[in-house]
Amino acid sequence: KGINGDLYVVVNILPHSKFKRQGNDLGMVLDLNLYEAWCGCKKMIECIDGTKINVTIPELSENGKVLRVPNKGMPVESYGYGDLYLQAHYETPKKLSNKQKELLKQFYTE
């Protein structure tokens, strides 16, 4: 038998490479290309528990737009799960080919 006393446990949570925790919710950057963001699409997303879900990206999604996926966050002790928030992210191209320039010209002059 030892002496009665206090036990202190220190838990360090390491950052995840893909998800950022916000309470019971999770945040994630969703990389898109311009076509996917502007025309809309379906994207397969891997959740933190390893399951995969299809997420619909609405047409004309702005850079930084946040989409909510209910019940795909962290488990909540007394009920269900938190939510997953996907932040749309895309970059403007650094170079355009002559064909791309011509297509853009047609698009904006029609």
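All values reported here derive from a predicted model rather than from experimental measurement.

Thresholds applied
Residues numbered from 1 in each chain as written. Predicted model: local features only at pLDDT ≥ 70, side-chain atom pairs only at ≥ 80, totals over all residues. Heavy atoms only, no water. Helix = DSSP H or I, 4+ residues; strand = E, 2+ residues; numbered from the N terminus. Rg over C-alpha atoms; globule rule 2.2 N^0.38 Å. Buried < 20%, exposed > 50% of the residue type's maximum accessible area, 1.4 Å probe, protein only. Areas by Shrake-Rupley, 256 points an atom, 1.4 Å probe, with all protein chains shown as cover. Lys, Arg positive; Asp, Glu negative; His and termini not counted. Charge placed at Lys NZ, Arg CZ, Asp CG, Glu CD. Disulfide = S-S within 2.5 Å. Phe/Tyr/Trp six-rings, centres within 6.5 Å; stacked < 30°, edge-to-face > 60°. Salt bridge = Lys/Arg side-chain N within 4 Å of Asp/Glu carboxyl O. Pairing = 2+ DSSP bridges. Axes fitted to C-alpha atoms, helices over the stretch in contact; angles between N-to-C directions.

Asker: Explain the overall build of the chain to me, please; I cannot follow it from the model alone.
Answerer: Counting secondary structure elements, the chain contains 2 helices and 6 strands. Secondary structure elements in the chain, listed N-terminal to C-terminal, are β-β-α-β-β-β-β-α. For 110 residues, the compact-globule estimate of 2.2 N^0.38 gives 13 Å, and the C-alpha radius of gyration of the chain, at 21 Å, exceeds that figure by more than 25%. In terms of principal-axis extent, the alpha carbons of the chain reach across some 85 × 30 × 20 Å. Each of the 110 residues in the chain was classed as buried or not, and the buried ones make up 25%. Working note: accessible area of the chain is about 9100 Å², and carbon and sulfur atoms make up 53% of it. The positive charge centre, built from 15 side chains, and the negative charge centre, built from 13, are 4 Å apart in the chain.

Asker: It is not clear to me how unusual backbone geometry should be interpreted in this structure. Could you clarify?
Answerer: Glycine aside, residues mostly have negative phi angles, and peptide bonds mostly take the trans form. The phi dihedral of L60 falls on the positive side, at around 60°, and the residue is not glycine. L60 sits in the exposed class, given a relative accessible area of 61%. Unlike most non-glycine residues, N71 shows phi in positive territory, near 60°. Tracing the backbone shows N71 in the loop between β5 (66-69) and β6 (84-89).

Asker: Could you clarify how one ought to interpret the state of the cysteines in this entry?
Answerer: Chemically, a disulfide is nothing more than a covalent bond linking the sulfur atoms of two cysteines. Evaluation of the coordinates by the stated rule reveals 0 disulfides. Lacking any disulfide linkage, C41 is separated from the closest cysteine sulfur, that of C39, by 9.3 Å. By relative accessible area, C41 is classed as buried at 18%.

Asker: Just to check I follow, could you spell out the packing of aromatic side chains for this structure?
Answerer: Each aromatic ring pair is characterised by the separation of its centres together with the angle its planes make. Overall, the coordinates contain 1 aromatic pair when judged by the stated rule. Between F107 and Y108 the ring centres are 4.7 Å apart and the planes differ by 85°, which places this aromatic pair in the edge-to-face class. Per residue, the accessibility class of F107 equals that of Y108, and both read exposed.

Asker: Just to check I follow, could you spell out the pattern of salt bridges for this structure?
Answerer: Pairing between side chains of opposite charge can happen when their charged atoms approach one another. Overall, the coordinates contain 2 salt bridges when judged by the stated rule. A salt bridge links K43 to E36, with the nearest nitrogen and oxygen atoms 3.3 Å apart. Accessibility classification places K43 together with E36 in one group, the buried group.

Asker: What exactly am I supposed to notice about the sheet that holds strand β1 (residues 19-22) here?
Answerer: Sheet strands line up and pair through hydrogen bonds in the backbone, either parallel or antiparallel. Taking strand neighbours across the sheet as the criterion, the 4 strands line up as β1-β2-β6-β5 in an open arrangement whose pairing is mixed. With one partner strand each, in any of the chains shown, β1 and β5 form the two edges of the open sheet. Averaged over all pairs of adjacent strands, the angle between their axes in this sheet comes to 25°, without regard to strand direction. For β1 and strand β2 (residues 25-31), the ladder comprises 4 bridges, and the chain directions are antiparallel. In the strand pairing of β2, Q22 is matched with D25.

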